[in-house]
Amino acid sequence: MNSTILGTGSYVPNRVLTNADLESMVETSDAWIAERTGIRERRLVESGQACSDLALEAAQRALTTANVNASDLDLILLATCTGDNPLPSTACLLQNRLGATRAAACDISAACCGFVYALSIADAYVKTGMRYVLVIGSEVMSAITDWTDRNTCVLFGDGAGAVVLGPGSHDAGILSTHLHANGRLSDMIQVPGGGSKAPGSKEILDNKQCFIKMKGNETFKIAVKSMEEAAHEAVTANGVTMSEIDVFIPHQANMRILKAVSQRLGLPQEKLMINLDKFGNTSAASIPLALDEAVISQRIKTGDLVLLAAFGAGLTWASALVRW
Ligand SMILES: CC(C)(COP(=O)(O)OP(=O)(O)OC[C@H]1O[C@@H](n2cnc3c(N)ncnc32)[C@H](O)[C@@H]1OP(=O)(O)O)[C@@H](O)C(=O)NCCC(=O)NCCS
């Protein structure tokens with residue numbers, strides 16, 4: 001028996017930061033950002049709003065569409081690299097706010113791949129007898145963004161997406177997941193300070209070590225190759241062909257990455273789900289945010305074959321194939 005996605009939900013904060021707004025913050029232009037990334041605007045939290053606040057909204061919506069009570073959840077897996085605090089896990093804060101008193105809860109740290117990693121773990125538990133697992137990707141990327149660095153600040157946004165996973169049938173649901181990592185390339189995308197190696201201090205803050213540093217150009221090339229590889233792995237493992245994929249939902253990093261991957265896979269543009277023009281790169285939230293939009297807009301229909309592919313810091317890359 002497969003596990004199946006019983007419901008989806010998402011949430012983005014109200015505050016919009018457009019490319020035009022960024023023009024007054026760093027030396028950039030709407031034209032450069034739109035052409036090089038495909039992003040036109042992104043959402044940012046209001047002061048005081050944290051990862052758990054976004055996660056709560058997305059989770060409640062997913063529970064409603066799944067018709068599952070929070071009190072029936074067995075496990076909450078929250079993928080994030082921008083949790084409310086280092087301790088406790090944001091998943092535990094969420095467990096309390098949802099009233100999911102029976103559920104075990106922990107955070108999953110796999111950067112932009114976090115949601116697919118969490119989905120894979122949830123799938124394994126449901127397949128082996130657990131009933132309801134809430135899987136969330138929630139990020140406040142604005143908290144780890146250096147708003148004076150034009151190389152990175154144009155890319156990221158805040159948001160959350162969630163799914164409720166439960167028992168399904170033999171021929172529908174999560175058909176497979178594949179996870180990968182290569183720690184040799186950990187310096188490609190990193191936040192060097194603020195952890196136990198270089199704890200938060202005035203010096204760390206002054207040197208902007210608590211913000212994302214990225215080798216954008218190298219990352220770009222590896223992202224295309226890795227997501228292509230993970231996508232092929234998913235279809236091969238299930239004995240289907242790429243032409244059978246109905247909807248492709250890649251991690252929303254950069255429009256040029258998404259188009260290059262789908263082109264290499266031979267997937268036409270109409271099968272590619274894109275919403276990064278509105279939200280930017282929301283890291284672990286990006287796939288569930290796009291998935292929920294695809295469900296709400298009825299781009300995904302019952303029986304569709306949905307391919308998820310992610311790539312992120314670590315480096316990590318992953319895929320999942322879902323029969324809707
Ligand atoms: C970051 C990214 C958009 C940069 O695009 P690029 O085509 O690789 O651009 P480059 O880094 O080669 O820089 C080209 C020039 O644009 C400049 N530039 C960088 N950011 C700019 C900005 N926001 N506005 C204007 N110019 C900018 C650079 O300084 C460079 O100028 P130079 O040639 O005078 O040195 C792109 O590399 C990217 O998206 N990489 C993947 C990042 C990603 O998705 N990471 C997360 C993965 S989960």
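Peer 1: Help me understand the site of the ligand in this model?
Peer 2: Neighbouring residues of the ligand: 21 residues in total, closest Thr28, Arg150, Gly216, Ala253 and Asn254. When residues of the shell around the ligand are assigned to their parent elements, the largest contribution, five residues, is made by helix H8 (residues 216-237). In terms of residue class, the shell around the ligand is built from ten nonpolar, nine polar and two charged. Residues lining the shell around the ligand come from more than one domain, with at least three contributed by each of domain 1 (3-170) and domain 2 (175-323).

Peer 1: For this particular structure, what's the right way to read the sheet that holds strand E4 (residues 75-79)?
Peer 2: With mixed pairing, the five strands of this open sheet are ordered in space as E1-E7-E6-E4-E5. Sheet topology places strand E1 (3-11) and strand E5 (104-108) at the edges, where each strand pairs with a single neighbour. On average, each strand axis in the sheet is tilted by 20° relative to the strand beside it, whichever way the strands run. Against the sheet, helix H11 (residues 286-296) touches E1, strand E6 (133-140) and strand E7 (158-167), its axis set at about 95° to E1.

Peer 1: Even after reading the chapter, I still don't get the sheet that holds strand E13 (residues 316-323), so can you show me in this structure?
Peer 2: Ordered in space as E8-E13-E12-E11, the four strands form an open sheet in which the pairing is mixed. The sheet is open, and its two borders are formed by strand E8 (173-181) and strand E11 (247-250), each paired with just one other strand. The sheet shows a mean angle of 10° between the axes of neighbouring strands, taken without regard to direction. The pairing of strand E12 (residues 305-312) with E13 spans eight bridges and is antiparallel. Pairing of valine 306 across the sheet is with valine 322, part of E13. The sheet strands contacting H11 are E11 and E12, and the helix crosses E11 at an angle near 150°.

Parameters at a glance
- Sequence order sets the numbering: in each chain, residues are counted from 1 along the sequence as written.
- Per-residue local features of the predicted model are confined to residues with pLDDT of at least 70, and side-chain atom pairs are confined, for both listing and counting, to 80 or more; whole-chain, interface and lining totals are unaffected and use all residues.
- Each residue gets a C-beta atom placed from its backbone. If that atom is within 6 Å of a molecule or strand, the residue is near it.
- What counts as a helix is a DSSP run of H or I of at least four residues, what counts as a strand is a run of E of at least two, and both are numbered from the N terminus.
- Lys, Arg, Asp and Glu make up the charged group, whereas Ala, Val, Leu, Ile, Met, Phe, Trp, Tyr, Cys and Pro make up the nonpolar group; the residues left over, Gly among them, are polar.
- The source of the domain bounds is an automatic or database domain assignment.
- Being paired, for any two strands, means DSSP has found at least two bridges between them.
- Interaxial angles span 0 to 180 degrees and are taken between N-to-C directions of axes, which are lines fitted to C-alpha atoms, for helices over the stretch in contact.
- Here, residues touch in the contact sense if the C-beta positions derived from the backbone fall within 7 Å of one another.

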